[in-house]
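These are the residues of each chain, in order.
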Amino acid sequence: MTKVGLIGVGNMGTGMSKNILKAGHELTVYDVRTEPLERLSRLGAHAAASPKEVGEASDAVFIMVLNVDQVKEVLLTENGLLAGLKPDATVIITATIGRSQVIEVSELVEAKGVSIIDSPVSGGAPGAAAGTLTMMVAAKKELFEASLPILEAVGKDIYHVGEEIGMGQTVKSALAVLIGTTYAGIFESLTLAVKAGVKPEMLREVVSTSVVGNFLFKDTTENILERNFKGQSNIGTMYKDLSLAKSMANDCGVPLFAASAAFELFQAGKAVNPDEDNWTIIKILESIAGIEVKKTD
């Protein structure tokens, strides 16, 4: 049993916390909201009053917040995580915060004698709940191997993508480019088919057995047909991930033609329906085309 901490118990962090407890680890959690802490306390977690308290109780701490500003706040304030961690402890950044940002954070963490793992994840809230997250881990090989029992509590496909901090975020940004452009293609394909008179169920069936009939297509299309637009994958997260990918591409001098177009779609969707999921973008295309993609039966 390892003493594990987790800071940021939203949809992702809550699922991860439950699986850490299931794996038999002692868990201390912190969030600015009390409701999720109370729920996890009933399952056996200890609810801390500050990030510092999480550090004092933990050998390794996951940070699962939204962005680098929140990561720095968690780490560096007077009652922050670094004030409580022992020098031989490990910080595991599972938040997607960008390559240059995680390198900056790593310097602050390592200056305190604390180890750091750069490991953004993919799989969303369903993957977090099921313990099947894909993890892109950048860390020294020895630290990676020593941390595997903890990582395996929350992830299924765990890849050691490199020893250099920042490589995890780099792989995540490359993945975000593909996911974002795939979403854009799904939305346009559905809109075109329905506008031209094809039943969306038929398109879903055909595409599902084709070379591009992947999970993302099936899941996204099903949610659109059922008009389920809240509670699974908030558009703000994908928007942030694409923003980070574009920033990294700018640093590297790489043009992102398709991803830039997808980014504009996500920016529009976030502006119109900021509290809804990624597939809320279909509503914008529906409005332009004068149709609605929904079940016809």
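Residues numbered from 1 in each chain as written. Predicted model: local features only at pLDDT ≥ 70, side-chain atom pairs only at ≥ 80, totals over all residues. Heavy atoms only, no water.

Turning to helix H10 (residues 215-225), its buried residues are Leu216, Phe217, Thr220, Thr221, Asn223, Ile224 and Leu225. Positive backbone phi, at 60 degrees, marks arginine 227, one or two positions downstream of H10. (Buried < 20%, exposed > 50% of the residue type's maximum accessible area, 1.4 Å probe, protein only. Helix = DSSP H or I, 4+ residues; strand = E, 2+ residues; numbered from the N terminus.)

Once that is clear, we can look at the nonpolar core. In globular proteins that are soluble, nonpolar side chains generally tend to be buried together. In terms of nonpolar packing, the biggest core is built from 31 residues, with Tyr183, Phe187, Phe266 and Val293 touching the most fellow members. Among the elements that line this core, the one with the most residues is helix H8 (residues 167-195), at nine residues. Judged by nonpolar contacts, the second largest core, of 30 residues, contains Leu6, Ile20, Met64 and Leu143. (Core = buried A, V, L, I, M, F, W, Y, C linked by side-chain atoms within 4.5 Å.)

Glancing now at the pairing of strand E4 (residues 60-63). Side-chain alternation along E4 places Ala60 and Phe62 on one buried face and Val61 and Ile63 on a second face that is also buried. Two elements, strand E1 (residues 3-7) and E4, share four bridges in a ladder whose sense is parallel. Within E4, the residue paired with glycine 5 across the bridge is valine 61. In this sheet, strand E5 (residues 90-93) lies alongside E4 in parallel orientation, the contact comprising four bridges. When the bridges of E5 are listed, isoleucine 63 appears paired with isoleucine 93. (Pairing = 2+ DSSP bridges.)

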